[in-house]
Every structure is written in C-alpha cells, then in structure tokens.
Amino acid sequence: MHVHLREPGREDEETVETGCNAAAAGGFTGVACMPNTNPDIDSAEVVRFIKEKAAKHLVDVYPVAAATLARKGEAISPMLELYEAGAVGFSDDGVAIKSAGILRNVLEYSKMIDAPVIEHCEDESLAGGAMNESFTSTILGLPGIPNVAEDLIVIRDIMMAEFTDGRVHIAHISSKNAVDLVRQAKKKGIKVTAEVAPHHFTLTDDMLKTFDTNYKMNPPLRTRDDVDAMIEGLKDGTIDCIASDHAPHSIEEKEMEFIYAPNGILGLETQIGLAISELVKKKHLTLEQLVEKFAVNPRRILKLPVPKIQVGEHANFTIFDPELIWTVEAAKFKSKSKNAPYDKRLLTGKAVAVINKKKMFVDDKMMEI
Ligand code: DOR
C-alpha cells in the first residue's frame, strides 16, 4: 500500500527493479509507490516510465501520483491524465496537501474516478522535529513533532471527506487520537480508511536513546500508549491496512548527526515477520486478518482486482511459513539500501515464495513457470 522506490532520481538508494526484488523477497506481488521521486510522479510520462520499468518483473507496481504539481500544494496535478496513464491514487506524501481549498479540489477530481486521496497527515507549522515530542525528546534534547501535528490534519481531512463525499486514506497513522478520530468518522459513514506501518506497532520512542538514525522516520516512533492504540485499531478494523512505508536511504545520509539524517527505514523484507511475531503470535490478529490487512484491503482501497486462487484464474499469491524462525540480516536484503532497525532481530514467520505473471521467486531465485 505504501513504498518508496526512489526511481527516478535516487537510483543510488533503490530502483524499481531492486525495490521489486525486495518486495518479492518479502512476500509481496504488488506495491503502490509514492510520488516523492525526482522528478515527482506528477506527469503521465513519469507514471509510464515507472510502469515500463516494472513491466517484466513478477511484482506489479502501481504508482501513486502527486496530488499537486511537485507536491508543492499550489496547483493540482493533471489528475485524470495521471489516472489514465496508470496512477491508482493521489498523495503529496512526505508532506500533507497544503490547504483545505486545494484538498477540496483534489477530492472532487478523485471522486470522478473513485481513487483515494492518500494523506501524509502532518501540520506544516508543527513539523520539522527529529522525533516524537515527549518526555524522551526533552531528555535527549531533540526537537519534537507532537501528536497533535498528525491529529489536526486527520480531523481536517475527515471533515473535507465528509464535505465533498470524497475518499481519504490516512497514510502511516501513528497517534492514538488519530486512530480515535478515524474510528468515529467510520461510525458516521465518512469515507475514510487508514494504514499503519510495522514500526508504529512494534517500536516506541525510547529506542531513540541509542541515537541510531535507523529509528528516525516521519511520522516518528511514538509512546507505548500510541503503540497500543495502533494494535487496538488493527483489531477493531479502524486500521484497514498494514503498509511498510519502505523508505530506502543511503548509508552516507543515514550516518549524519541525528537531526540532519533523513527520515525513513526499510520495511518490505521484514514486515511479514514483524506482523506475525507481534500481532498473530501475540493473538491480536488471526492469520486471515493479517492477509486482509496486507493483501486484500489495500487492493480494495486502490480499486485493484483481488486475486483468487481458483481454476482459470492467473496465479498471484504468496506462500509463507508462519512458524519459520529466522534472523534478520540487513546485509542480505535485496533492497539497495540497508537502513533497517531490525538487523539481527529474531522473527517468526517468513514468505517462502511468491508467484505472479507466470514467474516464481523462491530460494533466492526468480524463475519462469
Ligand atoms: O519516514 C519517511 N520517509 N517519511 C516520509 O514521509 C517520507 C519517507 C521517505 O521518502 O523517505
């Protein structure tokens, strides 16, 4: 539902091909990639370029186009043209759509094609910190981003979805109140859905005490209360999807001082293991619910066909072993980058093979079948 493939522009960090390899190794036959590339995915040419790069790969790539030109929040992108070229949703990810007025227009246009507006919820005037604003940020002397920065945009977007009858999808939700706002909005029948990244239901801002920049991302790691709210939201259906927010960054950039290092961590190759270990083994979700959050709900939200295992259908599925115990080894990741906080962590549950487009990835090998 949410990955960064970095091509075009930062092929030193990831390419469509290496990102797809990471997806296949992690157990995914499809990914929706975010528009904060260079140039941004705000023209039909860039949408087509990415689709062409992925055409021969086992993994289907679905570009999410920028909602506004260069994600600047000033003029809306040529949304219908982008949709015709293959975009499945619209987002200014990295930042929120700047104003309610622009968001209104984006929602009106996306409604015509029933595509979701995928929002990075962060109020600009409260952004710019290096971690969650909390007791820990005070102790560490790092500038914080408060939960309310997220909550304000979530509430604005819910109100705009209600006003326009458009469809908003909250990306990488991380704050307790935000989950509650989505819960109330769903009860009122407003068209809002949400995703959570594995780090937001597995890690807290305590980890920042190590000053390891592999714990730096946006939204930032929050408190135990927030983590518990993510799990509760997943359990009661408030949070529809689990999405990696796979965000590759180069070693040189991640090794800068904490406040200068870029936000983001890898996720594609660890998320099934993390979700099985932390959600299924701890009895928060069943395996069936997990498959819905990873594979079914994202496709429904993006209006993509949900593959069926049935005679006459194209084979498109993942084989995973929910009992397999393995150790994360970032050095062996298929991703071009290595910025993962879970290196050397013991996980239960792993994808064994993926099959799609008459190709199979198994035992570290891609083969035609
Ligand atoms: O942690 C993040 N990384 N958050 C974002 O909003 C952007 C992303 C990236 O592109 O690296």
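For clarity, every value in this text was computed on a predicted model and none was experimentally measured.

Conventions adopted
- Residues numbered from 1 in each chain as written.
- Predicted model: local features only at pLDDT ≥ 70, side-chain atom pairs only at ≥ 80, totals over all residues.
- Heavy atoms only, no water.
- Helix = DSSP H or I, 4+ residues; strand = E, 2+ residues; numbered from the N terminus.
- Rg over C-alpha atoms; globule rule 2.2 N^0.38 Å.
- Buried < 20%, exposed > 50% of the residue type's maximum accessible area, 1.4 Å probe, protein only.
- Contact = heavy atoms within 4.5 Å.
- Areas by Shrake-Rupley, 256 points an atom, 1.4 Å probe, with all protein chains shown as cover.
- Lys, Arg positive; Asp, Glu negative; His and termini not counted.
- Charge placed at Lys NZ, Arg CZ, Asp CG, Glu CD.
- Pairing = 2+ DSSP bridges.
- Disulfide = S-S within 2.5 Å.

Enquirer: Talk me through the overall build of the protein; I want residue IDs and the actual numbers.
Expert: Summing up its helical and strand segments, the protein has 12 helices and 13 strands in all. For the protein, whose C-alpha radius of gyration is 19 Å, the value lies close to the compact-globule estimate of 21 Å for 369 residues. Viewed in the frame of its principal axes, the protein has a C-alpha envelope of about 50 × 50 × 40 Å. For the protein, the residues scored as buried account for 59% of the 369 residues in total. In the protein, 73% of the contacts between residues at least 6 apart in sequence involve partners at least 24 apart. Summing over all exposed atoms, the protein offers an accessible surface of approximately 15,400 Å²; the carbon and sulfur share of this is 54%. In the protein, 44 side chains carry a positive charge and 56 a negative one; their mean positions are 4 Å apart.

Enquirer: Quick one: what's the story with the pairing of strand 12 (residues 359–362), residue by residue and with numbers?
Expert: Side chains on a regular strand alternate between the two faces of the sheet. Here strand 11 (residues 346–356) pairs with strand 12 via four bridges, running antiparallel. Bridging across to strand 12, Ala353 finds its partner in Val362. Counting the residues that bridge the hairpin from strand 11 to strand 12 gives two residues, and of these Lys357 lies at a positive phi of roughly 50 degrees. Taken together, the four bridges between strand 12 and strand 13 (residues 365–368) define a ladder with antiparallel strand orientation. Paired with Val362 across the two strands is Lys365, which belongs to strand 13. Turn length for the strand 12-strand 13 hairpin, with the two strands adjacent in sequence and antiparallel, is two residues, and the turn residue Asp363 shows positive phi of about 50 degrees.

Enquirer: Tell me what's going on with the state of the cysteines, and back it up with residues and numbers.
Expert: For the structure on display, the rule yields zero disulfides. A disulfide-free cysteine, Cys20 has its sulfur positioned 8.4 Å from the sulfur of Cys33, the nearest such atom. Here Cys241 is not disulfide-linked; the sulfur of Cys121 is the nearest cysteine sulfur, at 14 Å. What makes Cys241 buried here is its relative accessible area of 0%.

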